[in-house]
Amino acid sequence: MDPVIIPILVAAIIVVFLVAATVRIVPQARRYNIERFGRYHRTLQPGLNFVMPVADRINTKLDVREQVYSSEPKPVITEDNLVVNIDTVLYYQITDPRAAAYEVASYLQAIDQLTVTTLRNVIGSMDLEGTLTSREEINNRLRAVLDDATGKWGIRVNRVEIKAIDPPHTIKEAMEKQMRAERDKRAAILHAEGERQAKVLTAEGTKQKDILEAQGAQQAMILRADGEAKAVERVFQAVHRNNADPKILAYKYLETLPHLAKSDNNTFWVIPGELTEAVRTVTSAFGDQSRMGLPEPAPSEAATATATGSDDTSDAGGTPEIEAASPLTLDADEAAKQAAAAVVEAKAEAEAARAPQVPGRGRTSGD
């Protein structure tokens, strides 16, 4: 082997070693702290960097991205002397690599212990109910204390979140019972509100139904009354247009009287004073029956008439008449019988008046 080649090879190896020791490539989002002869010299930024071989060395390599640190559950005593286990999640970022490497020995352990002590101070001034419902307040107070304490360490605390609050098992059971009771209470209230609303709606529906039925009945009565009024008016016009004989009207009046006493609820019947006028009209229509030889009315008919102080019991034709006096209050059955008898006799008299005169018979009342 040529003796000249050996020194060349040694020199080449030394040059390669020196070049490798001089060049440092730092990845993105990384920071390298460089010490020269054991003293902090500078921090290498991402990219290609050159250092002095042998004199410079890399002390720490730090990641400046935002980091997440989840602590283990820590027991904390509340104001009402209940022990709860709380674990937190910490979001932090290294802003000063030199301070993070030289100001504190282990920044993660320091942050963890500072979080525990701050939690105990904050939770110790709250009861269990306040602890469970004041997570946002606890997070803000923790962040303020940690950010202030870790600022000199070159670390910025972005967020602190309480991941879980674990009360004792007995407290959990009591809380579940309370929650169940609250839900039962809300369910009962909602059920009662539903029933009340249903009853209100039912009552409103019934009210509207009654109103509509009453309005319908009212309209029906109005229409019925209008119909009856028109019928009466038409009958009245027909009577006046045809110039009906008062004798026929009196006869129809007497024919209607028996129907007034047919109701089952009638215990007595008042005979109107116009009855005497109607009877007088009918009898005057057949006043010539005595001249035609018709028989006298039955004594029972004359007995039913009420005398008003006059001794005369018949008119010129011999037919008994009922004087117009004050209305007589009779039994319903008796009044109906009398009215029916009067109608029957009036019909008989009318038929006798229409019958032809038998020759040779004289007048019963004149002879």
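Residues numbered from 1 in each chain as written. Predicted model: local features only at pLDDT ≥ 70, side-chain atom pairs only at ≥ 80, totals over all residues. Heavy atoms only, no water.

J.: Any chance you could explain the overall build of the protein chain here in plain terms?
T.: From N to C terminus, the protein chain includes 10 helices and 11 strands. Within the structure as shown, the protein chain displays about 24,200 Å² of accessible surface, and the carbon and sulfur contribution to it stands at 56%. (Helix = DSSP H or I, 4+ residues; strand = E, 2+ residues; numbered from the N terminus. Areas by Shrake-Rupley, 256 points an atom, 1.4 Å probe, with all protein chains shown as cover.)

J.: I would appreciate a short explanation of the sheet that holds strand β2 (residues 30–36) in the present structure.
T.: Working definition: the strands of a sheet are paired by backbone hydrogen bonds and lie parallel or antiparallel to each other. Spatially, the 3 strands line up as an open sheet ordered β3-β2-β5, and their pairing is antiparallel. Each having just a single partner strand, β3 (39–44) and β5 (56–63) make up the two edges of the open sheet. When the angles between neighbouring strand axes are averaged without regard to direction, this sheet yields 25°. Relative to β3, β2 runs antiparallel, the two sharing 5 bridges. In the strand pairing of β3, I34 is matched with R42. (Pairing = 2+ DSSP bridges. Axes fitted to C-alpha atoms, helices over the stretch in contact; angles between N-to-C directions.)

J.: Help me understand helix α5 (residues 135–150) in this model?
T.: For α5, spanning 16 residues, the distance from its first C-alpha to its last is 22 Å, which sits close to the expected 22 Å at 1.5 Å a residue. Tucked into the core, α5 has its buried residues touching β8 (83–94), α3 (107–123), α4 (128–133) and β9 (155–166). (Expected span 1.5 Å × (residues − 1). Contact = heavy atoms within 4.5 Å.)

J.: When you look at the confidence of the model for the protein chain in this model, what are you seeing that I'm missing?
T.: Low pLDDT means the predicted atomic positions in that stretch should not be read closely. A residue-level look at the protein chain finds 68% of positions with pLDDT of 70 or above and a mean pLDDT of 75. Across the protein chain, the element-wise mean pLDDT spans from 38 in helix α9 (residues 299–304) up to 91 in β2. Of the regions scoring below 50 in pLDDT, residues 288–330 engages in 72 contacts with residues more than four places distant in sequence or in other chains. Across residues 357–367 the pLDDT falls below 50, and counting only partners more than four positions away or on other chains, this stretch makes 15 contacts in the model. (pLDDT = per-residue confidence, 0-100.)

J.: What should I look at first to understand the nonpolar core in this one?
T.: Within soluble globular proteins, side chains that are nonpolar tend to cluster in buried spots. Within the largest apolar cluster, 28 residues are counted, with the highest numbers of intra-cluster contacts made by I86, L90, I138 and I155. Sorting the residues of this core by element identifies β8, α3, α5 and β9 as the ones contributing at least two each. Sorting elements by how many residues they give to this core places α3 first, with 7 residues. If we ignore the near neighbours within four places in the chain, the residues touching I86 are E72, P73, K74, V76, L119, I123, I162, A164 and I165. (Core = buried A, V, L, I, M, F, W, Y, C linked by side-chain atoms within 4.5 Å. Buried < 20%, exposed > 50% of the residue type's maximum accessible area, 1.4 Å probe, protein only.)

J.: Just to check I follow, could you spell out unusual backbone geometry for this structure?
T.: A negative phi angle characterises most non-glycine residues, just as the trans form characterises most peptide bonds. Residue A29 is not a glycine yet carries a positive backbone phi of 65°. Mapped onto the fold, A29 is located in the loop between β1 (23–26) and β2. Residues other than glycine seldom take positive phi values, yet N81 does so here, at roughly 60°. Among the structural elements, N81 can be located in the loop between β7 (74–77) and β8. Given a relative accessible area of 65%, N81 falls into the exposed group.

J.: Hey, could you run me through a nonpolar patch on the surface in this one?
T.: There is a patch of nonpolar side chains on the surface, built from I6, V10, I14, F17 and L18 and spanning about 450 Å² of accessible area. Along the chain, I14 falls in helix α1 (residues 5–22). Residue classification places I14 among the partly exposed residues on the basis of a relative accessible area of 44%. (Patch = residues over 30% accessible without salt bridge, like charges linked within 9 Å, V, L, I, M, F, W, Y side chains within 5 Å. Salt bridge = Lys/Arg side-chain N within 4 Å of Asp/Glu carboxyl O.)

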